Amino acid sequence: MSKYFRIGEISKMYHIGTDSLRYYEKIGILSPKRGENQYRLYRTEDIWRLNVIRELRELGFSMEQIGVYLKDHTVSTTRMLLEEELRMIQEKQEKLRLLKKNVNERIRMLSECDEQEMGKVRLRRLGLRRCHYIDEGYRQDEEMDVLIKQLLNKNPETLYIIGSNRIGSVIPKESARNSRCREYSGVFMIDEEGDTVIQGGDYLTLSYRGDCGQNYYFLPKLLNYAKEKGYRMASDVYELLWVDIHVSERVDEHITELQFRVEFSP
């Protein structure tokens, strides 16, 4: 076996780019000899370092951590490194568990979409809901996308767009009563860690399929139902998006739910 290997041979052997090998040299964790014409020559003694570097990089350790380890390479530090590796694995397992729960919830929600009865007014008792809220109005859907991104940043570990029925907009009471059915005063995302509260109580709700412009038909229908049944409108209107462009590009598959809290007016 050759005592020395050139940078190209090491690159092929370890599937490591030559730029990476030069970087390892620059930060001091590899020290190849220089041969004729200043070619880098890697000794067989360098091989164990490359084995360790490759394995630790695959486990997610930073080059800084690897450099510290290689400068103090003992049984004690190896044990500490393995304990840190175990901690990282357990952390990843917990993240995967939460991700699995999250994805299962999205699948369940999309299944519920098929069970919704479209165009029918329902009276539902809803509990208190916490949410993140941005008090900023908009008129174009593209403007809402920017606000949604700001909402997602509130809690990136638990908030999501695809398969969510927790994203919505607020239509002020006065706007709804005056047929300004797509005049929004803010956006929200339901999340138990949110700092804003949507009050619980009796809600009139109605879901429909298709373009959100149908607010101009279905929101008056909801308001007329409340009037006929003797209910007083006790909150702004919450427009929840069960299925939108983030789930399907087919507008006929989009599902919107309108809801507002009511009190009985004797």
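For the structure, check the block above.
Residues numbered from 1 in each chain as written. Predicted model: local features only at pLDDT ≥ 70, side-chain atom pairs only at ≥ 80, totals over all residues. Heavy atoms only, no water.

Draft legend 1. Region of interest: the packing of aromatic side chains. Considering all chains together, one arrives at 5 aromatic pairs under this definition. Taking the centre distance of 4.9 Å and the plane angle of 10° together, the rings of Tyr208 and Phe218 count as stacked. With Tyr208 in strand β9 (residues 201-209) and Phe218 in helix α8 (residues 215-229), this residue pair connects regions lying 10 residues apart in the sequence. Exposure class is identical for Tyr208 and Phe218. Each is buried. Each ring, one from Tyr217 and one from Phe218, has its centre 4.7 Å from the other, and the planes form 80°; the classification is edge-to-face. Accessibility expressed as a relative area gives 10% for Phe218, which makes it buried. Members of the aromatic cluster, connected to one another through ring pairs, are Tyr208, Tyr217 and Phe218. (Phe/Tyr/Trp six-rings, centres within 6.5 Å; stacked < 30°, edge-to-face > 60°. Helix = DSSP H or I, 4+ residues; strand = E, 2+ residues; numbered from the N terminus. Buried < 20%, exposed > 50% of the residue type's maximum accessible area, 1.4 Å probe, protein only.)

Draft legend 2. Layout of the pattern of salt bridges. All chains considered together, the criterion is met by 18 salt bridges. The partner of Arg232 in a salt bridge is Glu263, and the shortest N-O contact between them spans 2.1 Å. Here Arg232, found in strand β10 (residues 231-233), pairs with Glu263, found in strand β12 (residues 255-264); they are 31 residues apart in sequence, far enough to count as distant. What makes Arg232 partly exposed here is its relative accessible area of 41%. Look at the salt bridges and you will find they share partners, linking Glu25, Arg34 and Arg40 into a network. (Salt bridge = Lys/Arg side-chain N within 4 Å of Asp/Glu carboxyl O.)

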